[in-house]
Number of protein chains: 2
Amino acid sequence: MRQSTLFHNTLRESPSDAEAVSHQLMLRAGFIRQLAAGIYTYMPLGRRVLRKVEQIVRAEMERAGAQELLMPAMQPTELWKESGRYAQYGPELIRLRDRHDREFALGPTHEEVITSLVKNEINSYRRLPVTLYQIQTKFRDERRPRFGLLRGREFLMKDAYSFDIDWEGLDKSYWNMFEAYNRIFTTLGINFRAVEADGGTIGGEGGTHEFMALADVGEDTIVVCTCCDYAANLEKAESGAIDVEEDDMISTDEIRDLEKFYTPDIRSIEQLGEALQINPIDIIKTVVFKADDNLIAVAVRGDHEINEIKVKNYLGAQDISIADSESLAKIPGIVAGFIGPMDLPFPVLVDHTVANMTSGIAGANELNYHVRNLNPIRDIELTHVGDFRNVNEGESCPRCTEGRLTFYRGIELGHVFKLGTKYSEQLSANFIDPSGKEKTLIMGCYGIGISRILSAVIEQHHDDKGVTWPITLAPFHVHLIPISIKDDKQMELAQKLYHLLLEQGIEVLLDDRDERPGVKFKDSDLIGIPIRIVIGKDAEQEHVEFTLRKHNMKESVHVQEAFARIIDLVKRSH
Amino acid sequence: MRQSTLFHNTLRESPSDAEAVSHQLMLRAGFIRQLAAGIYTYMPLGRRVLRKVEQIVRAEMERAGAQELLMPAMQPTELWKESGRYAQYGPELIRLRDRHDREFALGPTHEEVITSLVKNEINSYRRLPVTLYQIQTKFRDERRPRFGLLRGREFLMKDAYSFDIDWEGLDKSYWNMFEAYNRIFTTLGINFRAVEADGGTIGGEGGTHEFMALADVGEDTIVVCTCCDYAANLEKAESGAIDVEEDDMISTDEIRDLEKFYTPDIRSIEQLGEALQINPIDIIKTVVFKADDNLIAVAVRGDHEINEIKVKNYLGAQDISIADSESLAKIPGIVAGFIGPMDLPFPVLVDHTVANMTSGIAGANELNYHVRNLNPIRDIELTHVGDFRNVNEGESCPRCTEGRLTFYRGIELGHVFKLGTKYSEQLSANFIDPSGKEKTLIMGCYGIGISRILSAVIEQHHDDKGVTWPITLAPFHVHLIPISIKDDKQMELAQKLYHLLLEQGIEVLLDDRDERPGVKFKDSDLIGIPIRIVIGKDAEQEHVEFTLRKHNMKESVHVQEAFARIIDLVKRSH
């Protein structure tokens with residue numbers, strides 16, 4: 001394509017509200033333009049990249065035996081009421097009414113629609129298993145849309161759904177998709193990890209993995225073992241049995257009596273540690289939560305963070321949040337800032353590490369007092385002991401126990417779920433099994449954020465001058481830049497090479513704009529096409545400058561040699 | 001693909017509410033399933049056809065130099081208020097509010113979004129012309145969704161927009177798209193006509209053509225000349241100067257006095273014609289309309305229909321409708337059923353054919369009376385004479401005057417518009433021209449109903465057994481049917497041919513289901529894959545039955561010969 005006719009602009013400045021590098025670069029390089037918060041137009045260059053992502057995903061879905069269909073964005077909310085997600089989804093679900101006042105939701109995912117479809121089409125085990133997918137625009141009214149395509153309100157997604165006759169079948173379908181996802185993200189050139197994850201609102205009875213692109217801008221923390229292949233989302237990462245800092249704990253030889261002491265205005269772990277010169281690992285942190293309609297407390301060590309997801313899953317609660325000070329004030333024996341795990345009027349969930357302590361410091365449930373020598377076995381009701389905390393970086397791995405856990409930031413690009421019967425039960429999606437009995441379909445669901453991939457790739461593939469696309473995703477393979485379009489020799493050679501490459505199916509952007517070389521190079525760096533051919537003063541000798549954008553190493557080669565290298569590079573990328 | 005694993009069902013009965021053949025067949029053959037009124041899921045077979053349509057359209061758009069982008073479905077309604085379409089569009093525009101109570105519309109088209117985008121990106125004539133397109137889901141809350149994909153509420157559309165520096169440029173862009181559309185519909189195997197059309201609500205100052213698939217179910221009437229290439233939508237078709245039935249009119253030699261006569265309870269043209277034994281061509285039909293807030297009357301000959309679009313365009317009105325009886329009752333001198341064009345208290349638009357009469361019969365504006373010998377030149381104020389009627393079938397062509405006009409029913413598949421400055425003016429989308437002056441962008445817009453094409457193709461390609469897909473659009477090229485999957489010889493040959501064909505890139509559906517031959521053939525007829533290979537008792541001799549679905553002529557050939565024919569047919573189709 002000739003750049004003079006391309007609908008495209010680069011920007012010198014990036015908009016002030018673009019925090020993520022990928023967001024800045026996508027705007028500056030002219031891949032996207034914002035229409036409203038979290039809502040973007042894909043410009044011709046961006047659309048080209050998007051189509052390449054779509055093609056790679058589609059090819060691997062077909063290879064995995066998934067069948068493509070296309071479901072509507074407008075979904076009758078009756079279905080959402082049947083599945084129970086209508087209330088649960090909250091304001092993220094965009095709702096509207098048609099001219100007959102019938103309510104619709106704009107699909108953020110399609111579990112309800114596909115379950116109801118498969119229910120009507122399949123009634124025998126003979127037609128199972130089946131995995132269906134679509135590549136489609138989704139809508140989610142994010143509270144805080146940001147980072148460009150990373151958290152948008154209208155975005156492209158590949159969503160797939162599997163239907164099996166039993167859990168063994170689901171297991172097979174699940175790992176089949178898991179492998180397809182591995183191939184997809186590898187082909188896309190993304191540095192990623194598949195991590196164990198929590199089911200979240202979409203729920204499900206079985207396992208679930210997230211496919212995370214490693215990137216500092218990522219909103220998730222992922223936990224990876226230095227030794228084995230254990231990797232999990234922080235929400236999900238299990239805390240190991242053996243605690244690495246155990247040696248640092250107060251000696252546990254002697255069991256002392258519980259002792260109250262005066263701690264005026266000392267309300268936080270930090271203040272307590274500082275005032276008493278003690279290590280937070282000897283402190284017990286107790287926090288009161290509202291879980292659905294009930295109060296509960298959670299006790300973890302002072303150096304640990306409470307993991308609300310683990311607490312929620314333990315309780316089987318729909319929703320939990322830290323109890324507000326008003327609610328706390330109403331409860332006798334509770335003093336905010338001085339809460340301890342003893343004698344509370346509601347259940348206390350005690351983390352393993354707390355249960356294992358022999359002498360801890362905690363709030364005394366009395367204004368300006370704490371207690372020391374708290375011995376959980378003796379002093380707390382240990383009915384609810386479990387894993388209620390986030391792991392800390394450096395802890396030993398819960399799987400191999402040899403390695404240590406390291407933390408990365410990750411962008412969630414894909415998600416595979418064992419849904420089980422969550423939706424099929426609600427929507428009565430049954431089939432007849434070989435023995436003639438009616439059974440419930442066993443489902444899995446599998447998502448990939450198609451548009452989000454663009455951001456993730458740029459987060460991983462850029463330098464201070466712009467994007468450095470991998471060749472499989474680049475909007476064009478080759479950026480062909482004659483230094484001066486007024487120089488006949490240069491233009492002649494450029495045109496010749498341009499047409500030779502096009503004939504070979506190579507995608508070439510020919511910069512035939514009447515611009516200064518500096519402008520052309522700056523734009524070229526920003527856009528990030530992987531192979532750059534500059535045609536300058538050596539055009540007469542048919543010599544061109546060959547550069548790989550990633551390395552920025554210039555080399556003067558004969559045009560024939562350049563041609564051969566291009567063909568080779570592009571062929572090898574497929 | 002193996003049919004036993006395909007997510008697909010055929011239906012014996014078509015749902016009672018499916019009126020159009022294409023709607024019935026798409027449901028019965030398992031191409032689509034309804035989720036809500038006018039909202040459909042494309043099943044795997046339907047999705048395959050849809051993708052082929054997309055590919056053909058995309059290829060021709062690229063060939064025409066249009067650049068693909070992707071705009072959001074969610075559009076801030078501010079833009080619609082700026083363009084003035086917010087009020088005008090009415091309940092067809094689906095509106096919603098986000099969590100911050102900001103209003104959005106779900107795009108039925110994208111003139112506003114693209115104009116505002118181009119306004120921001122292009123400010124100099126140097127960057128023009130440019131034509132941009134997208135293939136995207138559109139939303140339109142139709143009052144009466146029907147005929148399956150022909151009139152849906154969520155549908156796929158290709159919309160393109162051109163931007164030029166002047167009207168000559170627009171003319172070039174317009175005809176460039178016009179030619180691309182001709183190529184697209186020809187490749188799609190559609191029997192179509194490009195017809196002159198009216199601008200409709202989308203408006204525009206220049207010309208506009210519709211691309212119509214000829215089909216009885218079509219909601220539009222198109223008018224085609226038997227001699228020249230004149231073709232127009234009935235709304236737009238011009239009435240010729242010379243009227244073919246003129247010889248039949250009452251002799252005009254003698255000018256007689258206007259004469260009132262008693263016509264008790266005779267309120268319609270039909271009653272009048274019957275009672276007086278006169279030809280409707282001698283009667284003047286006068287109808288009162290409300291045009292925006294004003295009353296006007298239109299007078300046409302008794303054998304003609306008033307064309308409201310022509311009336312509306314003549315008046316430059318936003319909206320017209322027949323005046324209701326209550327409004328009429330309030331006007332002195334107006335008696336419903338006895339209205340005549342004389343001495344009315346508001347303007348009368350007189351059709352050419354009425355103005356040319358010398359002696360007509362009309363309402364007397366008095367209960368139970370008509371007048372005869374009405375001479376328009378003498379008796380009516382002829383301030384507003386024009387073309388205010390639909391043409392009749394059989395009339396002479398307004399272009400060549402040699403041919404006669406014939407009528408067809410048509411399905412609108414594409415539409416090209418010269419918009420001019422309608423949107424660019426409202427949204428102040430300007431550019432700097434070569435002389436440094438600021439000018440308004442000159443726009444065109446160009447739509448194709450992608451999903452609707454499926455229906456139109458089926459309307460034209462079916463028989464009483466099912467669909468008969470053209471090979472370019474068929475979900476698979478070959479339907480390979482072994483009579484019995486329990487017969488080893490048959491299955492061996494089937495598998496061999498299957499893999500040979502797949503290696504050549506041929507799309508094959510292998511019916512490996514354990515069903516009776518009758519069921520397999522019925523399903524195959526319904527689905528309509530163009531080439532059918534049946535493997536039966538002659539499998540041992542490597543003979544197969546070769547059938548083209550369209551002709552249903554069976555032929556026993558050697559498998560080698562079948563293979564060669566298939567390759568040839570598929571290659572020739574591309």
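Residues numbered from 1 in each chain as written. Chains lettered and ligands numbered in written order. Predicted model: local features only at pLDDT ≥ 70, side-chain atom pairs only at ≥ 80, totals over all residues. Heavy atoms only, no water.

So, on to the relation of the copies chain A and chain B. The operation relating chain A to chain B is a screw motion whose rotation component is 180 degrees, with 0.1 Å of axial translation and a residual RMSD of 0.1 Å. In short, the pair behaves as if placed about a two-fold rotation axis. Every residue of chain A has its C-alpha some distance from the rotation axis, and the shortest such distance is that of Leu96(A), at 2.7 Å. Taken together, the interface assignments show that 100% of the residues at the interface of chain A recur at the interface of chain B, consistent with an identical surface on both copies. (Least-squares fit on C-alpha atoms with pLDDT ≥ 70 in both. Contact = heavy atoms within 4.5 Å.)

For the rest of this paragraph, the subject is the interface of chain A and chain B. Between chain A and chain B, the residue contacts involve 56 residues of the former and 56 residues of the latter. Taken together, both faces of the contact between chain A and chain B bury some 5000 Å²; the carbon and sulfur share is 58%. On the chain A side of the interface with chain B, the three residues burying the most area are Phe7(A), Leu70(A) and Arg99(A), jointly 16% of the side's total. Asp98(B) is the salt-bridge partner of Arg153(A), the closest N and O atoms lying 2.9 Å from each other. Counting across the interface, chain A meets chain B through 24 residue pairs in polar contact (both at pLDDT 80 or more). Among the elements that line the side of chain A that touches chain B, the one with the most residues is helix H2 (residues 44-63) of chain A, at five residues. (Buried area = accessible area lost by both parts, 1.4 Å probe. Salt bridge = Lys/Arg side-chain N within 4 Å of Asp/Glu carboxyl O. Polar contact = N/O pair within 3.5 Å; in protein donor to acceptor, adjacent residues only side chain to side chain. Helix = DSSP H or I, 4+ residues; strand = E, 2+ residues; numbered from the N terminus.)

Glancing now at the packing of aromatic side chains. Residue and element names in this part refer to chain B. Scanning all chains against the criterion turns up 26 aromatic pairs over all chains. Relative to Phe192, the ring of Phe185 has its centre 5.6 Å away and its plane inclined at 50 degrees; by these criteria the two rings are tilted. For Phe185, a relative accessible area of 0% gives the class buried. On the basis of an interplanar angle of 90 degrees and a centroid distance of 5.0 Å, the ring pair of Tyr314 and Phe388 is categorised as edge-to-face. You can see Tyr314 sitting in helix H8 (residues 308-315) and its partner Phe388 sitting in the loop between strand E20 (384-386) and strand E21 (405-420), a full 74 residues away along the chain. You can call Tyr314 partly exposed: its relative accessible area is 39%. (Phe/Tyr/Trp six-rings, centres within 6.5 Å; stacked < 30°, edge-to-face > 60°. Buried < 20%, exposed > 50% of the residue type's maximum accessible area, 1.4 Å probe, protein only.)

This brings us to the environment of Val335(A). All names here are of chain A. Positionally, Val335 belongs in the loop between helix H9 (325-329) and strand E17 (348-351). In the structure, Val335 is positioned 31 residues away from Glu366 in sequence and 6.0 Å away in space, judged by C-alpha atoms. The contacts of Val335, once residues within four sequence positions are left out, are Asn365, Glu366 and Leu367.

Here we come to empty space enclosed by the protein. One pass over the structure, following the stated rule, counts five cavities of 30 Å³ or more. Each pocket or cavity is described by its volume, and for the largest cavity that value is around 100 Å³. Lining the largest cavity, in full, are Ile39(A), Tyr40(A), Tyr42(A), Thr137(A), Glu154(A), Phe155(A), Leu156(A), Leu70(B), Met71(B), Pro72(B) and Gln136(B). Of all elements in the fold, only strand E2 (39-42) and strand E8 (154-164) of chain A reach the threshold of two or more residues within the lining of the largest cavity. For the lining of the largest cavity, a count of residues per class yields eight nonpolar, two polar and one charged. Surrounding the second largest cavity, Leu70(A), Met71(A), Pro72(A), Ala73(A), Gln136(A), Tyr40(B), Tyr42(B), Thr137(B), Glu154(B), Phe155(B) and Leu156(B) form its lining. Broken down by secondary-structure element, the contributors of at least two residues to the lining of the second largest cavity are strand E2 (39-42) and strand E8 (154-164) of chain B. A total of three residues in the lining of the second largest cavity trace back to one element, the largest contributor, which is E8(B). Among the residues forming the lining of the second largest cavity, the class breakdown is eight nonpolar, two polar and one charged. (1 Å grid on protein atoms, 1.4 Å probe; cavity = no way out; pocket = protein on both sides within 12 Å on 5 of 7 lines; lining within 4 Å. Points joined across faces, edges and corners; volume = space filled by probe spheres on them. Nonpolar A, V, L, I, M, F, W, Y, C, P; charged D, E, K, R; others polar.)

Turning our attention to the pattern of salt bridges. Here the structure, examined in full by the defined rule, presents 84 salt bridges over all chains. Between Arg389(A) and Glu395(A) there is a salt bridge, with the nearest N and O atoms lying 2.6 Å from each other. Take Glu395(A): its relative accessible area is 3%, and that puts it in the buried class. Shared partners join several salt bridges into a network, and the residues in it are Arg47(A), Glu54(A), Arg58(B) and Glu68(B).

Right, let's talk about the domain arrangement of chain A for a bit. Frequently, the measure chosen for interface size is the accessible area removed from exposure when the parts meet. Residue and element names in this part refer to chain A. By the assigned domains, chain A splits into domain 1 (31-190 + 422-458), domain 2 (244-386) and domain 3 (469-573). The gap between the C-alpha centroids of domain 1 and domain 3 is 40 Å. On the domain 3 side, the residues contacting the twelve residues of domain 1 number ten residues. Both faces combined, the contact of domain 1 with domain 3 buries some 1000 Å², and carbon together with sulfur accounts for 73% of it. (Domains from an automatic or database assignment.)

Moving on, we come to the sheet that holds strand E31 (residues 553-558) of chain A. Residue and element names in this part refer to chain A. Spatially, the five strands line up as an open sheet ordered E28-E27-E29-E30-E31, and their pairing is mixed. Looking at the sheet topology across the chains shown, the edges are occupied by strand E28 (508-510) and E31. Each adjacent strand pair in this sheet contributes to an overall mean axis angle of 25 degrees, direction not counted. Sheet topology note: the strand E27 (residues 478-482)/E28 ladder contains three bridges and is parallel. Among the inter-strand pairings, His479 is bridged to a residue of E28, identified as Leu509. Strand contacts of helix H14 (residues 488-503): E27, E28, strand E29 (531-535) and strand E30 (543-548), with the helix running at about 165 degrees to E27, the strand carrying the most contacts. Helix H15 (residues 517-527) rests against E27 and E29 of the sheet, and its axis sits at about 175 degrees to E27. (Pairing = 2+ DSSP bridges. Axes fitted to C-alpha atoms, helices over the stretch in contact; angles between N-to-C directions.)

A separate point is the pairing of E30(A). All names here are of chain A. Where E29 and E30 come together, four bridges link them in antiparallel fashion. The partner of Ile533 across the bridge, within E30, is Phe546. For E30 and E31, the ladder comprises six bridges, and the chain directions are antiparallel. Considered in E31, the bridge of His543 is made with His558.

Working note: α-helix, 3.6 residues per turn, so residues spaced by three or four point in the same direction. Burial analysis of helix H5 (residues 111-121) of chain A places nine of its eleven residues in the buried class, which makes it a mostly covered element. Among the residues of H5(A), Glu111(A), Glu112(A), Val113(A), Ile114(A), Thr115(A), Ser116(A), Leu117(A), Val118(A) and Glu121(A) are the ones counted as buried.

Turning our eyes to something else, we now look at the nonpolar core. Ranked by internal contacts, the top residues of the largest apolar core, which has 77 residues, are Phe7(A), Phe163(A), Phe7(B) and Phe163(B). Setting aside chain neighbours within four positions, we find Phe7(A) in contact with Met43(A), Pro44(A), Gln67(B), Leu69(B), Leu117(B), Val118(B), Glu121(B), Ile122(B), Val130(B) and Leu132(B). (Core = buried A, V, L, I, M, F, W, Y, C linked by side-chain atoms within 4.5 Å.)

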